[in-house]
Amino acid sequence: MDQNKSIPEERYQLEIFVKAKNLKDMDTFSKSDPFCRLLHTIQGEKEKCEGDTEFLKNNLNPCWEKSFVIDYIFELNQKLVFQVWDKNQSAGSEDTEMGQVETTVADIVGAKDMKCEFELKDRKGKAVGTLIVNIDKQPEDNQFLQLTWIGKDLINTDGFFGKSDPFLKFYKKVGDDWLPVHKTEMIKDNLNPEWKPFQISFRRLCGGKLEQKFKVECWDVHEKGTNNQYMGQFETSIHELINENKSEFNLEYQANKSGGKIILKEKKVTKRPTFMDFLRDGEQINLIIGVDYTAQNGNPNFPDSQHAFKSQNGNQYETAIRACAQILLNYDFDKKVAMYGFGAVPHLPNYNVNETEQCFPLTGDFQKPEVYGLEGLINLYKQTLPNLQFSGPGCLGELLNYSKQIAEFNAKKKIYTVLLILTCGQIHDLHQTTEIISQCANVPISIILVGVGDFDFKKLEFLDQDQKQLQKEVLTRNVVQFVPFAPFSHSLPILQRELLAELPHQLTNYKSLLGLVPSK
């Protein structure tokens, strides 16, 4: 058994339902026999055919029973092409394409009730009917098992000079492999330990199959975890725990020798609302962008500046703006984004000052800081560069505090704020920044820090790691993610994956922390 293998993060699965109305009749002496084909392209990958529905004979208003199931990857664009064909049942004859629709998963998921109507068009662009698409997440992907385990009379592998320091490891069976899915904390010098309660999804523990066995191993921590001692194992299933109420298990240690007993003290089945549930309930994403204009970036008129446009692909700042906004704008109903600068003296037409500002709207108007859409953001970024005097120092506290206030104001409106900060990493108010970030655990906000250029990003890394350590110590919520741009600059899809991979969990953790659930 390879104990170094691990299970990747779970993905949501979506079920897609399609129907059509008022289709153009392609047959002469009867009505068309339509079926629907789905082509699916995950950004950066090749197009894949997800299959066909059944065909419905003589029907211009088909409601197909067969659905499509695909993985939902929040951080990447997923293009969908729905093709409607007329089935030709004559031997040797080819099916006739009636029309098609091109859209994205995000377009439908971001729509009200996750339902969209599209105009079906033929190859010449003529309307040939209407396609209605509904999306639903697959059932039971948010069922969790809350478990509390205790050990009884465990074997002592430390000999006469101490007691075992036991912990449990849980494994899921995938093919012929046992893959680790959870590990408890270690309890020092205790042969009758009680481990902290934890939750794990049905899907992660056993693929959602209640009768499928999972394995539990007990280990004794030795020499800082490098030579842990095996204490025994057992196998069980969710069915045995829940339906048969089995609660006591013998640790199989060696032939004819027990490693003690593991007892299930408490169990509870819960349903945890998912990111998809909150989107269905009308949750919106409000994107705010902060851009570093300190002198550390270099004069934008020279090619070595981080703000210099060295090719038609722009610079690192523009690429990061595109990568994040391209995804998040799909979940924003009004598609409007506020963009602020810091570390510069702004000489904007309607906002002209003589001192370095640490939070100023690139529009020059605090009352109207937003622009529409992705191209609006890029144009604003480009147009304001000549009107900014790069200066310093670079401080994040004012921008963080301002964004936090916006997030607090929107808290009751089902609006979750994402603050994207693009910076070369020279933070001169680290203490204040850390203080404000620590106050954001109970605020609907996530902070994504992107390190631009080839600089020392230790302070940005500290903010990310400090949050994760704080989360472990006091069970608060991690709101920060740091991504260095350079390692992912060769691939926009990979950059998007890194930028947004933690966001769904951060949003659901915020809701869970406050006990908030969807109203629908």
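Quantities reported herein were computed from a predicted structural model and do not represent experimental measurements. Counting of residues starts from 1 at the beginning of each chain's written sequence and follows it residue by residue. Under the rules for a predicted model, residues below a pLDDT of 70 receive no local features and side-chain atom pairs below 80 are neither given nor counted, while totals for whole chains, interfaces and linings still include all residues. Only heavy atoms go into the side-chain values, all of them from the structure, while hydrogens and water stay out.

Quick word on the packing of aromatic side chains
- What counts as a ring pair is set by centres within 6.5 Å for rings of Phe, Tyr and Trp (its six-membered ring), and what kind of pair is set by the plane angle: stacked under 30 degrees, edge-to-face over 60, tilted for all other angles. Applying the stated criterion across every chain yields a total of 19 aromatic pairs.
- Their ring planes at 75 degrees and their centres at 5.5 Å tell us that tyrosine 340 and tyrosine 402 sit as a pair that is edge-to-face. Of this pair, tyrosine 340 sits in strand S18 (residues 336-342) while tyrosine 402 sits in helix H7 (residues 397-409), placing them 62 residues apart in sequence.
- A 1.4 Å probe rolled over the protein chains alone gives each residue an accessible area, and that area as a share of the maximum for its type sets the label: buried under 20%, exposed over 50%, partly exposed in between. Classification of tyrosine 340 by relative accessible area gives buried; the value is 1%.
- A relative accessible area of 25% places tyrosine 402 in the partly exposed class.
- On the basis of an interplanar angle of 75 degrees and a centroid distance of 5.9 Å, the ring pair of tyrosine 351 and phenylalanine 366 is categorised as edge-to-face. Of this pair, tyrosine 351 sits in strand S20 (residues 351-352) while phenylalanine 366 sits in the loop between strand S21 (360-361) and strand S22 (370-372), and the two are 15 residues apart along the sequence.
- According to the relative accessible area criterion, phenylalanine 366 is partly exposed, its value standing at 30%.
- Among the aromatic side chains, those forming a connected cluster through ring pairs are Trp149, Phe170, Phe198, Phe214, Phe234 and Phe249. Numbering of helices and strands runs from the N terminus; a helix is a DSSP stretch of H or I covering at least four residues, while a strand is a stretch of E covering at least two.

Topic: the sheet that holds S20
- Only when DSSP finds a minimum of two bridges between them are two strands counted as paired. Pairing within the open sheet is antiparallel, and its three strands lie in the order S20-S19-S23. Sheet topology places S20 and strand S23 (388-390) at the edges, where each strand pairs with a single neighbour.
- As defined by bridge partners, strand S19 (residues 344-348) adjoins S23 across three bridges and the pair is classed as antiparallel. What sits directly across from valine 345, in S23, is glutamine 389.

Things to note about H7
- The first and last C-alpha atoms of H7 sit 18 Å apart over 13 residues, in line with the 18 Å expected at 1.5 Å per residue.
- Regarding H7, the residues found buried are Gly397, Leu399, Leu400, Ser403, Lys404 and Ala407. The buried residues of H7 all sit within an arc of 160 degrees when viewed along its axis, so they share a single face.
- Of the surrounding secondary structure, the elements contacted by the buried residues of H7 are strand S17 (284-292), S18, strand S24 (415-423), helix H8 (430-438) and strand S25 (445-451). Residue count minus one, scaled by 1.5 Å, sets the expected span of a helix. The arc in question is the one traced by the directions running from the helix axis out to the C-beta atoms. We call two residues in contact whenever any of their non-hydrogen atoms come within 4.5 Å of each other.

As for the nonpolar core
- As used in this record, nonpolar core signifies buried Ala, Val, Leu, Ile, Met, Phe, Trp, Tyr and Cys residues forming a set joined through side-chain atoms within 4.5 Å. In this structure, Ile16, Tyr72, Val109, Ile289, Tyr293 and Leu422 are the most contacted members of the largest nonpolar core, which totals 86 residues.
- At eight residues, the largest contribution of residues to this core is made by helix H5 (residues 316-328).
- Not counting the four nearest positions on each side in its chain, leucine 422 is found in contact with Ile289, Gly290, Val291, Asp292, Tyr317, Ala320, Ile321, Phe342, Val450 and Val452.
- Phe170, Trp195, Cys206 and Ile262 belong to the second-largest nonpolar core, a separate cluster that totals 27 residues.

Observations regarding the pattern of salt bridges
- The rule for a salt bridge is simple: a side-chain nitrogen of Lys or Arg has to be within 4 Å of a carboxyl oxygen of Asp or Glu. Enumeration over the complete set of coordinates arrives at 16 salt bridges.
- Aspartate 52 is the partner of arginine 37 in a salt bridge, and the nearest nitrogen-oxygen pair spans 2.7 Å. Separated by 15 residues along the polypeptide, arginine 37 in strand S2 (residues 34-42) and aspartate 52 in strand S3 (residues 48-52) bring together distant segments of the chain.
- Residue classification places aspartate 52 among the partly exposed residues on the basis of a relative accessible area of 25%.
- With its nearest N and O atoms 3.4 Å apart, the salt bridge here joins glutamate 217 to lysine 215.
- The buried category is assigned to lysine 215, whose relative accessible area is 5%.

Comments concerning the side chain of serine 201
- Within the fold, serine 201 resides in strand S12 (residues 198-201).
- According to the relative accessible area criterion, serine 201 is buried, its value standing at 3%.
- Nitrogen and oxygen atoms within 3.5 Å of one another constitute a polar contact, given that in protein one can donate a hydrogen and the other can accept it, and given that sequence-neighbouring residues count only through two side-chain atoms. There is a polar contact of 3.0 Å between the side chain of serine 201 and the backbone nitrogen of arginine 204.

Quick notes on H8
- Every buried residue of H8 is listed here: Thr433, Thr434, Ile436 and Ile437. The buried residues of H8 all sit within an arc of 165 degrees when viewed along its axis, so they share a single face.

A look at the side chain of glutamine 496
- Assignment of secondary structure puts glutamine 496 in helix H10 (residues 492-500).
- Assessed through its relative accessible area of 0%, glutamine 496 is described here as buried.
- Within the structure, the side chain of glutamine 496 is placed 3.4 Å from the side chain of glutamine 43, a separation counted as a polar contact.
- Setting aside residues no more than four positions away along its own chain, glutamine 496 makes contact with Gln43, Glu75, Leu76, Arg322, Ala323, Gln326 and Ile327.

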